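# Structural overview
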Amino acid sequence: MTEARHPHPKIHDVIILGAGAAGLMCAGVAGRRGRSVLVLEQARHPGEKIRISGGGRCNFTNLHTSPANFLSDNPRFCRSALSGYTQHDFIALVESYGIAWHEKTRGQLFCDGSSRQIIDMLLEECRKAHAQLRLGVRISAVSKGEDGFVVVSDQGEFRGRSLVVATGGPSIPKMGSSGFGYKIAEQFGLAIVTPRPALVPLTFDPALLAHFKDLAGVSVDAVVSCGKARFDEALLFTHRGLSGPAILQISSYWREGQDIVIDMAPGVDVLAALKGLRREHPRQEMVTALSGLLPRRLASVIAGGVGGPDRLADFSDKLLTDVAAAVQRWHVRPAGTEGYRTAEVTLGGVDTSGLSSKTLESRSVPGLYFIGEVVDVTGHLGGFNFQWAWSSGVAAGRYA
Ligand code: FDA
């Protein structure tokens, strides 16, 4: 698949920047239409985020994918691409390669084997479509001339009638991720919705950290809300603050200065349970009572935090209400997030108002496309971000 060096650069029909999930998908689809496709990738290996995704098993889509699983300034934008190439289409592709998969939970589909299988499948699709791939390319400039786009790099100049930007977002900078795609968008006059880390752990200030320092590693099923957003999944205390699926999900909605509200015993009426225990076991200590509902270490910190008496019999109704509130209506104000260093994705990106939702082509610069994470469409945790990469990649691949 590697292109031979030509003394005179040929004009490709389509140049794709980035051999990640969206770029590889797009390359295969455009190539199958008979378009000559060249993919330029800065890294030594294609699909590195696919490789590390889903703990090495790639949560490649979600059975329940719908536009409601995505955040964007224009929540309707993703509809066309998602319906043009659905989770079922991608599952059919995976199955056509004999890749075994399973549903882990909540519609999240993972490879039985390894995420490498998804990368190999995408590369094979590119090979069948005669799409060419160049790795380790340092791109220094992109411009548009009369007959298309010119990409200047340390491996020479490349020319393409269409240019597809699939360079992802800046999350996990140590993998070489950057805001490169935003620079191209700005160069061509497209607006950017301010990017921010998403699906990212939240951090505590030093006082909160000191209070919860013994809880690192404790996990509990929870309902976490922020404004109207609400997720019931696991929550994990960390050395920096909070993580776990419920927190990663809410991080996409949380903004600095806001509280999140956490119910650590969802589905349980903790006040009623405590009143019952006070009646039946008045000599029981609060920490023992709470340990029936929560992990022991967490029970101990909550009992200590309320600062009441030891035995249930000595708790007034008011104090019991306070304890129940600490378990079920814990208002906590994170200091921040762990940032792009650990964020799974980036919120914001190329403003969809400048793009066609059907083709992902720029409305103002014919032949210029943006797909995948670089666009202001961000999925929930659970395979939705890859589905957006596949769907937007296919949409552009059908037209570029
Ligand atoms: P992606 O980042 O995949 O690809 C962009 C490509 O462009 C990269 O190969 C990059 O090197 C290249 N590039 C960047 N700048 C360039 C330049 N200047 N020149 C040339 N090339 C350049 N999602 C999901 O649905 N299920 C999951 O299980 C996971 N798990 C997961 C784990 C971890 C640790 C992370 C960080 C992320 C996930 N995700 C995920 C999110 C998912 O990885 C992400 O949404 C997609 O990879 C986005 O696909 P893109 O093709 O848009 O970008």
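Residues numbered from 1 in each chain as written. Predicted model: local features only at pLDDT ≥ 70, side-chain atom pairs only at ≥ 80, totals over all residues. Heavy atoms only, no water.

## Quick look at the confidence of the model for the chain
Taken as a whole, the chain shows an average pLDDT of 96; of its residues, 98% reach a score of 70 or greater. Within the model, pLDDT remains below 50 along residues 1-7, and this stretch shows 16 contacts once partners closer than five positions in the same chain are excluded. Both scores are available for the predicted complex, with the pTM at 0.96 and the ipTM at 0.99. (pLDDT = per-residue confidence, 0-100. Contact = heavy atoms within 4.5 Å.)

## Quick look at the sheet that holds strand 3 (residues 59-62)
Strands sit in the order 3-6-5 across an open sheet of 3 strands; the sheet is antiparallel. Both outer strands of the open sheet, strand 3 and strand 5 (101-103), are each paired with one neighbouring strand and no more. Within the sheet, the average angular offset between the axes of one strand and its neighbour, ignoring direction, is 30°. (Pairing = 2+ DSSP bridges. Helix = DSSP H or I, 4+ residues; strand = E, 2+ residues; numbered from the N terminus. Axes fitted to C-alpha atoms, helices over the stretch in contact; angles between N-to-C directions.)

## As for the sheet that holds strand 15 (residues 241-243)
Taken in spatial order, the 7 strands of this open sheet run 17-16-13-14-15-12-18, and their pairing is antiparallel. Bordering the open sheet on either side are strand 17 (330-332) and strand 18 (336-337), each of which pairs with just one other strand. Seen against the sheet, helix 12 (residues 317-328) touches strand 16 (260-263) and strand 17 and runs at an angle of roughly 110° to strand 16.

## Points about the UniProt feature "domain: RsdA/BaiN/AoA(So)-like Rossmann fold-like" (unreviewed entry) in the chain
The feature "domain: RsdA/BaiN/AoA(So)-like Rossmann fold-like" (unreviewed entry), as given by UniProt, occupies residues 12-398 in the numbering adopted here. Within the segment residues 12-398, helix and strand shares are 32% and 25% respectively, and the terminal C-alpha atoms sit 16 Å apart. (UniProt positions renumbered as here; feature names shortened; annotations may be inferred.)

## Comments concerning the site of the ligand
Contacts to the ligand come from 28 residues, most closely from Ala22, Glu41, Asn59, Glu373 and Phe386. Alanine 21 places a polar main-chain atom, nitrogen or oxygen, 3.1 Å from an oxygen atom of the ligand. Contacts to the ligand include glutamine 42, whose backbone N or O atom sits 3.2 Å from a nitrogen atom. Protein chains shield 92% of the accessible area of the ligand, which is 1000 Å² for the free molecule. Those elements that provide at least two residues to the shell around the ligand are helix 1 (21-32), helix 2 (48-52) and helix 13 (384-397). At 4 residues, the largest contribution of residues to the shell around the ligand is made by helix 13. Across the shell around the ligand, the residue classes tally to 13 nonpolar, 11 polar and 4 charged. (Near = heavy atom within 4 Å. Polar contact = N/O pair within 3.5 Å; in protein donor to acceptor, adjacent residues only side chain to side chain. Areas by Shrake-Rupley, 256 points an atom, 1.4 Å probe, with all protein chains shown as cover. Nonpolar A, V, L, I, M, F, W, Y, C, P; charged D, E, K, R; others polar.)

## Structural notes on the state of the cysteines
Here the structure, examined in full by the defined rule, presents 0 disulfides. Just so you know, cysteine 78 is unpaired, no disulfide at all, and the nearest cysteine sulfur is the one on cysteine 26, 18 Å from it. A disulfide-free cysteine, cysteine 126 has its sulfur positioned 9.3 Å from the sulfur of cysteine 26, the nearest such atom. (Disulfide = S-S within 2.5 Å.)

## Let's talk about the packing of helix 1 against helix 13
Closest axis-to-axis distance for the helix 1/helix 13 pair is 7 Å, and the angle between their directions is 35°. As helix 1 runs across helix 13, the sense of the crossing is right-handed. Touching Ala21, Ala22, Met25, Cys26, Val29 and Ala30 of helix 1 are Phe386, Ala389, Trp390, Gly393, Val394, Ala396 and Gly397, all from helix 13. Grouping the amino acids of the contact of helix 1 with helix 13 by side-chain chemistry returns 11 nonpolar, 2 polar and no charged. (Left-handed = near helix turned anticlockwise from the far one by under 90°.)

## Regarding the domain arrangement of the chain
The domain architecture assigned to the chain consists of domain 1 (2-196 + 345-397) and domain 2 (201-338). Computed from C-alpha coordinates alone, the two centres of domain 1 and domain 2 are separated by 40 Å. Summing both partners gives a buried area of about 820 Å² for domain 1 against domain 2, and 48% of it is carried by carbon and sulfur. Interface area lost by domain 1 to domain 2 is led by Arg106, Arg196 and Leu381, which between them contribute 60%. Viewed at the interface, domain 2 and domain 1 are joined by 2 salt bridges. (Domains from an automatic or database assignment. Buried area = accessible area lost by both parts, 1.4 Å probe. Salt bridge = Lys/Arg side-chain N within 4 Å of Asp/Glu carboxyl O.)

## Topic: the pattern of salt bridges
In this structure the tally under the stated criterion is 15 salt bridges. Across the salt bridge formed by aspartate 232 and arginine 106, the nearest N and O atoms sit 3.7 Å from each other. Linking aspartate 232 in strand 14 (residues 229-237) with arginine 106 in the loop between strand 5 and strand 6 (108-111), this pair joins segments that are 126 residues apart in sequence. Look at aspartate 232 and you get partly exposed, because its relative accessible area is 43%. In this structure, glutamate 124 engages arginine 127 in a salt bridge whose closest nitrogen and oxygen atoms are separated by 2.7 Å. Of this pair, glutamate 124 and arginine 127 both sit in helix 5 (residues 116-128), separated by 3 residues, roughly a single helical turn. Residues joined by salt bridges that share partners form a network here, namely Asp13, Arg35 and Arg161. (Buried < 20%, exposed > 50% of the residue type's maximum accessible area, 1.4 Å probe, protein only.)

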